[in-house]
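Each chain is listed here by its residues.
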Amino acid sequence: MDIKVLGTGCTKCNNLLKVTTEAVNELGIDATITKVEDFPKIMEFGVMTTPALVVDGKVILKGSVPKLDELKGLLNQ
Amino acid sequence: MSQNLVLSEKSNRSWLLPLLLLPIWILLYINLQPIADYLTDTVLGLSTGTHLTETIRFFIFEVPKVMLLLVAIIFVVGMVRSFFTTEKTRKVLEGKSLFAGNVMASLLGIVTPFCSCSAIPLFLGFVEAGVPLGVTFSFLIAAPMINEVALVLLVGLFGWKVAAIYVATGLFIAIFSGWLIGKFKLEKYVEDWVYQVKTNHEGEQEQKLTLNDRVKSGFAAVKETLGKIWIYIIIGIAVGAGAHGYVPEDLMGQLLGKDNWYGVPLAILIGIPMYSNAAGIIPIVSVLIEKGVSLGTALAFMMSVIALSLPEIIILKKVLKWQLIAFFVGVVAMGIITVGFIFNYIMV
């Protein structure tokens with residue numbers, strides 16, 4: 001699974017990265033998590049509210065940081 | 001918005017909860033004064049009339065009052081905002097003419113969910129989709145300046161009239177500044193790479209939200225916002241309560257008082273390097289007013305802290321050339337000065 005966390009240095013963005021890492025670890029998924037901080041790259045996903053979460057090229061979350069359980073549910077789908 | 005993606009499913013009766021809580025809210029709200037009196041006079045057993053007693057009474061009354069108002073307003077605004085998304089707002093504003101576009105952008109700036117940390121992606125997304133530069137600026141000025149927390153606190157501490165004038169003048173500044181930026185055709189002062197940005201508009205289908213989802217986003221908004229700002233509110237009211245009854249007249253009152261024409265511009269100059277949200281700045285504003293600073297000057301200070309800030313300007317430098325930043329800061333500052341003067345000299 002290819003997971004991208006879109007967002008620059010804001011607190012929410014770092015929180016999303018943290019929760020995502022936790023969720024992936026707890027679920028034991030084989031995934032690479034990358035943080036995308038470059039604006040033109042962020043815009044390629046059509047996202048206007050950061051942070052956003054992209055899984056295998058699809059935006060599944062934007063503008064909010066989910067709770068660990070919610071995120072695990074989303075990643076399991 | 002997308003947070004609702006996560007929130008849906010589970011219980012389908014969330015919409016009942018606000019209906020159940022409303023009577024409790026009303027009962028509490030109309031009985032705040034008796035409760036505060038009971039706590040001060042009976043439970044704490046303080047003698048009426050002393051300065052300390054009245055300070056404590058004011059605090060015990062004011063904190064729950066402002067909290068109750070905040071919970072109600074943030075909840076309602078949270079629900080209203082679930083009807084608006086950045087994507088929908090952008091669609092409305094695409095290719096809009098000047099003025100009409102500026103008015104709409106400023107109004108939408110109030111109701112569209114916005115966090116200053118995503119100002120740049122929003123700017124890029126708007127410009128790329130063909131929203132005129134001036135219209136985009138109207139949105140970016142109105143969104144942080146006019147918000148529900150500022151409104152509630154202004155109502156709580158200074159009354160309805162001041163709050164209403166704040167919203168009206170804030171809208172005026174957003175509309176006017178954006179309109180001027182459009183009028184002067186400053187597009188060439190946007191960094192060139194901005195126009196090369198391509199965004200993917202796929203997968204922007206609207207998420208269907210039920211009433212339950214909206215109620216849940218209302219509650220989520222209350223939790224998120226109150227969690228961030230409660231401490232500022234308590235400090236602000238404590239300061240207000242402490243100053244209650246004193247009649248101070250000191251250096252600040254002389255410098256930023258009404259008789260000094262340079263009070264307003266000076267307050268704005270002090271305000272720009274400061275960065276805070278509405279909740280954090282209101283305690284300071286209430287101290288300023290208690291210390292004899294005139295209302296117009298204090299509000300101008302508040303607007304400049306919220307709407308113009310050094311960190312934001314540094315972020316904007318990534319997408320704007322300095323000429324446009326200077327124009328933006330200059331125009332907004334002029335607007336705020338005008339508002340300050342109107343308050344100080346006309347609405348006495």
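Residues numbered from 1 in each chain as written. Chains lettered and ligands numbered in written order. Predicted model: local features only at pLDDT ≥ 70, side-chain atom pairs only at ≥ 80, totals over all residues. Heavy atoms only, no water.

1. Comments concerning the pairing of strand β1 (residues 2-6) of chain A
Across a regular strand the side chains alternate sides, sitting on one face of the sheet and then on the other. Residues and elements named next belong to chain A. Note that β1 and strand β2 (residues 32-36) share five bridges and pair parallel. Its bridge partner being in β2, Lys-4 is matched across the sheet by Thr-34. As a crossover connection, the stretch from β1 through helix α1 (residues 11-27) into β2 is right-handed. Of the strand pairs in this sheet, β1 and strand β3 (residues 52-55) are connected by four bridges, and their pairing is antiparallel. (Pairing = 2+ DSSP bridges. Helix = DSSP H or I, 4+ residues; strand = E, 2+ residues; numbered from the N terminus. Right-handed = clockwise from strand over helix to strand, strands pointing away.)

2. Thoughts on the sheet that holds β3(A)
All names here are of chain A. Ordered by their spatial adjacency, four strands build an open sheet running β2-β1-β3-β4, and the pairing between neighbours is mixed. The sheet terminates laterally at β2 and β4 (58-62), the two strands that pair on one side only. The sheet shows a mean angle of 20 degrees between the axes of neighbouring strands, taken without regard to direction. Against the sheet, α1 engages β1, β2 and β3, with an angle of about 175 degrees to β2. Running over the sheet, helix α3 (residues 68-76) touches β1, β3 and β4 and is turned about 165 degrees from β4. (Axes fitted to C-alpha atoms, helices over the stretch in contact; angles between N-to-C directions. Contact = heavy atoms within 4.5 Å.)

3. A short note on helix α5 (residues 86-93) of chain B
Residues and elements named next belong to chain B. All buried positions along α5 are accounted for by Thr-86, Glu-87, Thr-89, Arg-90 and Leu-93. Along the axis of α5, the buried residues cluster in a sector spanning 160 degrees; they form a single face. Note on α5: the residue one or two positions beyond its end, Gly-95, has a positive phi of about 65 degrees. (Buried < 20%, exposed > 50% of the residue type's maximum accessible area, 1.4 Å probe, protein only. Arc of directions from axis to C-beta.)

4. Let's talk about empty space enclosed by the protein
Residue and element names in this part refer to chain B. Applying the stated criterion across every chain, the model contains one cavity of 30 Å³ or more. When its volume is computed, the largest cavity comes out at roughly 70 Å³. Lining the largest cavity we find Phe-114, Ser-116, Ala-119, Phe-137, Leu-140, Pro-144, Glu-312, Leu-316 and Phe-328. Within the residue set of the lining of the largest cavity, elements represented by two or more residues are α8 (133-145) and α16 (310-316). The element best represented in the lining of the largest cavity is α8, accounting for three residues. The residue inventory of the lining of the largest cavity, partitioned by class, reads seven nonpolar, one polar and one charged. (1 Å grid on protein atoms, 1.4 Å probe; cavity = no way out; pocket = protein on both sides within 12 Å on 5 of 7 lines; lining within 4 Å. Points joined across faces, edges and corners; volume = space filled by probe spheres on them. Nonpolar A, V, L, I, M, F, W, Y, C, P; charged D, E, K, R; others polar.)

5. Quick word on the interface of chain B and chain A
In this assembly, 26 residues from chain B lie in contact with 20 residues from chain A. The junction of chain B with chain A conceals about 2000 Å² of combined surface from both sides, 65% of it contributed by carbon and sulfur atoms. Our count for the contact surface shared by chain B and chain A stands at two salt bridges. With a closest N to O distance of 3.0 Å, A:Lys62 and B:Glu87 form a salt bridge. Run the count over chain B and chain A and you get one residue pair in polar contact (both at pLDDT 80 or more). (Buried area = accessible area lost by both parts, 1.4 Å probe. Salt bridge = Lys/Arg side-chain N within 4 Å of Asp/Glu carboxyl O. Polar contact = N/O pair within 3.5 Å; in protein donor to acceptor, adjacent residues only side chain to side chain.)

6. Remarks on the nonpolar core
Buried together is how nonpolar side chains tend to be arranged in soluble globular proteins. B:Leu70, B:Phe123, B:Leu133, B:Tyr166, B:Met302, B:Leu320 and B:Phe328 are the most contacted members of the largest nonpolar core, which totals 98 residues. Looking at this core, the element that brings in the most residues is helix α17 (residues 322-346) of chain B, giving 10 residues. Two domains each put at least three residues into this core: domain 1 (20-82) and domain 2 (86-197 + 245-346) of chain B. Those residues within four positions of B:Leu70 in sequence are excluded, and the remaining contacts are B:Phe75, B:Val149, B:Val152, B:Leu226, B:Ile229 and B:Ile233. Counting 12 residues, the second-largest nonpolar core is a separate cluster that includes A:Val5, A:Ala23, A:Val24 and A:Val55. (Core = buried A, V, L, I, M, F, W, Y, C linked by side-chain atoms within 4.5 Å. Domains from an automatic or database assignment.)

7. Let's talk about the domain arrangement of chain B
Residues and elements named next belong to chain B. For chain B, the assigned domains are domain 1 (20-82) and domain 2 (86-197 + 245-346). Look at where the C-alpha atoms of domain 1 and domain 2 centre, and you get two points 31 Å apart. With 11 residues of domain 1 at the interface, the matching set in domain 2 holds 11 residues. The contact between domain 1 and domain 2 buries some 1000 Å² in all, and 71% of this surface belongs to carbon and sulfur atoms. Of all residues in domain 1, His-51, Leu-70 and Arg-81 give up the largest surface area on contact with domain 2, accounting jointly for 50% of the area buried on that side. Between domain 1 and domain 2 we count one salt bridge in total. Applying the counting rule to domain 1 against domain 2 returns three residue pairs in polar contact (both at pLDDT 80 or more). Along the lines of polarity and charge, the residues of the side of domain 1 that touches domain 2 split into seven nonpolar, one polar and three charged.

8. Details of the environment of A:Asn14
All names here are of chain A. Tracing the sequence through the fold places Asn-14 in helix α1. Spatially, the C-alpha atom of Asn-14 lies 20 Å from that of Met-1, the residues being 13 residues apart in sequence. Apart from the residues lying within four places of it in its own chain, the contact partners of Asn-14 are Gly-9 and Lys-35.

9. Here's the deal with the side chain of A:Thr8
Take A:Thr8: it is sitting in the loop between β1 and α1. Excluding residues that lie within four positions of it along the chain, A:Thr8 makes contacts with A:Cys13, A:Lys35, A:Glu37 and A:Phe39.

10. Things to note about the pattern of salt bridges
Summed over the entire model, instances satisfying the criterion amount to 13 salt bridges over all chains. What you see here is one network of salt bridges that share partners, running through B:Asp37, B:Asp41, B:Glu54 and B:Arg57.

11. Things to note about the packing of helix α10 (residues 160-183) of chain B against helix α15 (residues 295-307) of chain B
Residue and element names in this part refer to chain B. Closest axis-to-axis distance for the α10/α15 pair is 12 Å, and the angle between their directions is 50 degrees. Taken together, the axes of α10 and α15 are oblique relative to one another. The two elements α10 and α15 cross, and the hand of that crossing is right-handed. Contact residues: Val-162, Tyr-166, Thr-169, Gly-170 and Ile-173 in α10; Leu-295, Leu-299, Met-302, Met-303 and Ile-306 in α15. Split into classes, the residues belonging to the contact of α10 with α15 amount to eight nonpolar, two polar and no charged. (Parallel < 35°, antiparallel > 145°, perpendicular 65-115°, else oblique. Left-handed = near helix turned anticlockwise from the far one by under 90°.)

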